[in-house]
Structures are given as C-alpha cells and as structure tokens.
Amino acid sequence: MLFSGCGDSGGRDSADASTSNVTTTPATDATTTGASASTGTTTDTPTSGNSNSGTQGTGDTSATEIDFTTGTADPICGDSVLDPGETCDDGAANADDAACTSTCQVAACGDMLVQAGVETCDDGAANADDAACTSSCQTAVCGDMLVQADVEECDDGNADDTDACVAGCKNAKCGDGLVGPGELCDDGNQVDDDACTNECASPNCGDGKLQAQQGEECDDGNQVDTDACLSTCLKAKCGDQDVQAGVEECDDGNLDETDMCTAACKLPTCSDKAKNGSETDVDCGGSCPKCGLGGACAMNADCGQGLCINQVCGLAKSCKQIKEADPASKDGNYMVDPDGIGPVKPLTVHCEMDTDSCGYTWVRFDDPALLNDQNLYAAKCTAAGMEVLVTRTKPHAQAFFDWNLSQNANLVNVFPKYNGAQGINNWTGICQGAACSFWMTDNGNGDVGCTNYEPNGDNNTSYRIYLRQAGCGLQGNWNDASNTVQVQGWVVCSPNDC
C-alpha cells in the first residue's frame, strides 16, 4: 500500500489502533542544522529539509518512553552479536588471551592482556622498545635490534663478534678476547709485554717501522686515530669506529643502514636514495618529508596522505578505520577507499566521529534517475562499495538528521523479519549482510507512521521501509510497501560497519 501524505487514512484502522495500551511519546525534533557533506563531482550537498514535529499515535499519557532497537533482550557481551560499544563478539570464544577479549574488544598490544600465539608479553603503558616488553608486545631479547635499558649496551641483531656489538649485546672493547673493529689483536689479558699489548696492538706498533710479520698494516709513529694509520697500526677504514678526518663523516663500526651512520660512513640524508637514519621508507618519513600512499610508515605523522595502516600509508576504508588509527580524529569530510585496492574509486565522505564509540560514515548521492525502484538506490550504494544507511542508535539518527539539514534518510536498510510484519519491532537492520540493531522510534509499540500506524503489514522481506514524506521530527513518517521510494532523487550510503 502506498501512502501519499502524512494525513491519509492508510495503515491500521482506528478501531485497531485504539486497542493498543502502549503509551508513546513524541520524538524530540532536532533544532540544530549540521554541515553538509562534500562528495566531489559525483555528489551534491543536501539543500533543504523539513523539521516539522508530529504526534506518535494515541494512548495513555502516563506511560514512559521506551528506547527501541530490535525488540530483543538487552545486548550482552558473549552473545555473538556485535552490539554498540563492542568492537567484536566471538561468543564462547571470547577470552582475555583470544583475538576478542572477555569485554568484547579487539585484542591490541597495550591492553595489558597477552594474546596467545601473537604476543609474548603486554605491560600496557610500560611497553617500550627499551623495556622488558617491547612496543610490539614481544619479550626483549638480545638480537632483536632493540637496546633494553640497563640490560644491554647495544643490539645490532647479528652474531658477528668482529663488529662493534659482540655476543651478549655488549660493546666491543680491547681486552674482551674478541678482535673487534680497529684492533690488530685481542688476547683478553692485561699482560702488556706479550705478543698483543693492552692496546690490542703489536709490541712494536708506533716505532715508525712497518713490521708486517707482526700483523702491522702501517706504522706512522703516532697515536692519532683520525689519520690514515690507526694507533693499532691498521689502515683506517670505514667500520673501525674511528672517524678518519676529511674522509669519513661518521663511523659507528656497523653496517646497519637504519641508524644514524650509513655503511659508507656517511651521515644519512633525505636525498641519498637509501632508507637510513630515522626514515620509515626511502628518503621519506621520520625526519624526512612525509611519505606518499604506499610508503612505509611507523605513525600517521609519517604519511602525507591518508593514515599509517598496518605500517603502510594508505586511505582508510571507512571512518571507523580512521578513528581506530587516530582516536582524536574530528567530525568532517575525509577521503576513503571503501575496497582498498579494488575497483571502487576513492571518494569523499562525511565522518561522524563524536557520536557513540564508532566513526560513522555517510555519503549522499543526488541522482534524478533514482525514482521508485529501491533496487536502483541499493545499486548506487553498492557501486560506491557501501550499502543503504542504517541508523544504529538514537544519537546516530540525531547526528545524521542534523547533518542532512533536519531531514531523515529517504530509505534505510531495515527489512521485515517475515512477510507482512507489523510494527517496526518485527523488522531488522541489515549491516554488511547480517542482522544488526537499529533505531527509528522510541514508541514501544513499534509505530513509525507519524499520523497512523505503520508498518501495517503490506510488505515482504525483499524490500526496505521508506520515508513516506518529510516531517514528524527525528522519528520521521515512514511506510511499508514492496519496492517503493516516496522521497526520490537521492540516497544516503554507508558501510554500516559500526
């Protein structure tokens, strides 16, 4: 049945309506006008909307308001249903060492819970790359290339005892019994008149005479370590930990390109075409210019566009992913890529970041070809990698109403649970192909008809409820009739991922 106005006589007759003893309360009309969305050349900003209030049926005025979602019991963690405030719910599999914790939150490094098979420790805020539990929630060990404070002197991640960092993550030094950088020998004792002196040189090094049989490569008769011949009578070279004047810019004794001295004994720059120093990718990130999309990153600040997602600069798939990567993100317009590397082109959406605990994604497409067929509206959203909007909670519905210039969505992804279902409490939201909670009214009897009872049963499970006409405030004036859209020419899409 298709209704043409807010005052028609469709729906349940007055005799039926009078039998209801459930009291309803008019929804409060919004008074705040929200900013419109910018969606590039493919979308238009809504330009008008009505904010008329209306009554929500009749009955005893002594009853209280009922916050209606789907008519089911209050949501609980562990029911295998993703409810508001939860980021996951694996039912009986929820556990504090599982991917979904016992409080229905996705396990993350820093939550003080050790995820089995993924983390070996988690000290929460105390996690750090110089602590016993690293910032990646792994137990610090010698060889992990992280220097644990008060435990290790160095950590170059290798087992080479001839470089500057030797076994046990100790700094190489003369007398440790290991021939390290710049040493001719190292007998590990303090006897100065044997074949290896306490300076790890030959007994005659420094007399100005080259004695190759004692292992000398040079002997300039001085103890200067910044010229071409070291005080150990070895020729100066990159990696000996001594900076040769006029030849080297630095010398840290290792071949690690990620620290502040390159394997060529040069200071790293942002134009040397190598990933070194504090850079997160070649000549970008860290102290260098920001990286572009696809560049490696350690934090959002390393990226010139998008966010640092899984250590790569990229566009988020939705506002939810933006908020997860940067919880301080503000309401506004953002560029997203709904299917990542898929065929859907990136587009500008509005992100509602302040309402509830999730980042809601909205984009409105204005298209005069969108007429009476709900399938065309759904296809428009599918082409953008999304689906028709579901207003998940009352605050969500209010924020959307304000943003859309005090106008409800003309169509929502809410379907009857069975053919001919009466009352919106017998309908369900569909989010990413699965049933989800939604909000459309505070009326306990499930009436969203504004002037008469709706949905009244002329529906089937293939089609959504639609806005009959503007008005009736935040609740709106809705109707059920198979494959019908009354307010035409535009659609609001969302990934419905919250």
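Residues numbered from 1 in each chain as written. Predicted model: local features only at pLDDT ≥ 70, side-chain atom pairs only at ≥ 80, totals over all residues. Heavy atoms only, no water.

### Here we look at the environment of V179
In step 1: Structurally, the position occupied by V179 is in the loop between β2 (170-171) and β3 (307-309).
In step 2: For the pair V179 and C200, spaced 21 residues apart in sequence, the C-alpha separation works out to 8.3 Å.
In step 3: Those residues within four positions of V179 in sequence are excluded, and the remaining contacts are D161, T162, L184, C185 and D186. (Helix = DSSP H or I, 4+ residues; strand = E, 2+ residues; numbered from the N terminus. Contact = heavy atoms within 4.5 Å.)

### Focus on the sheet that holds strand β11 (residues 434-436)
In step 1: Within the open sheet, the three strands sit side by side as β9-β10-β11. Their pairing is antiparallel. Each end of this open sheet is capped by a strand with a single partner; those strands are β9 (414-416) and β11. Adjacent strand axes in the sheet meet at a mean angle of 50°, parallel and antiparallel pairs treated alike. (Pairing = 2+ DSSP bridges. Axes fitted to C-alpha atoms, helices over the stretch in contact; angles between N-to-C directions.)

### So, the pattern of salt bridges
In step 1: Within this structure, the stated rule accounts for four salt bridges.
In step 2: Put simply, D367 and K380 hold a salt bridge, and the shortest N to O gap is 3.1 Å. Taken as a pair, D367 in the loop between β7 (360-366) and α3 (374-383) and K380 in helix α3 lie far apart in primary sequence, 13 residues in all.
In step 3: The exposure class of K380 is partly exposed, given its relative accessible area of 27%.
In step 4: With its nearest N and O atoms 3.8 Å apart, the salt bridge here joins E454 to R468. Of the two residues, E454 sits in the loop between β11 and β12 (466-469) while R468 sits in strand β12, which places them 14 residues apart along the sequence. (Salt bridge = Lys/Arg side-chain N within 4 Å of Asp/Glu carboxyl O. Buried < 20%, exposed > 50% of the residue type's maximum accessible area, 1.4 Å probe, protein only.)

### Topic: the environment of N456
In step 1: With respect to the element layout, N456 can be found in the loop between β11 and β12.
In step 2: What makes N456 buried here is its relative accessible area of 13%.

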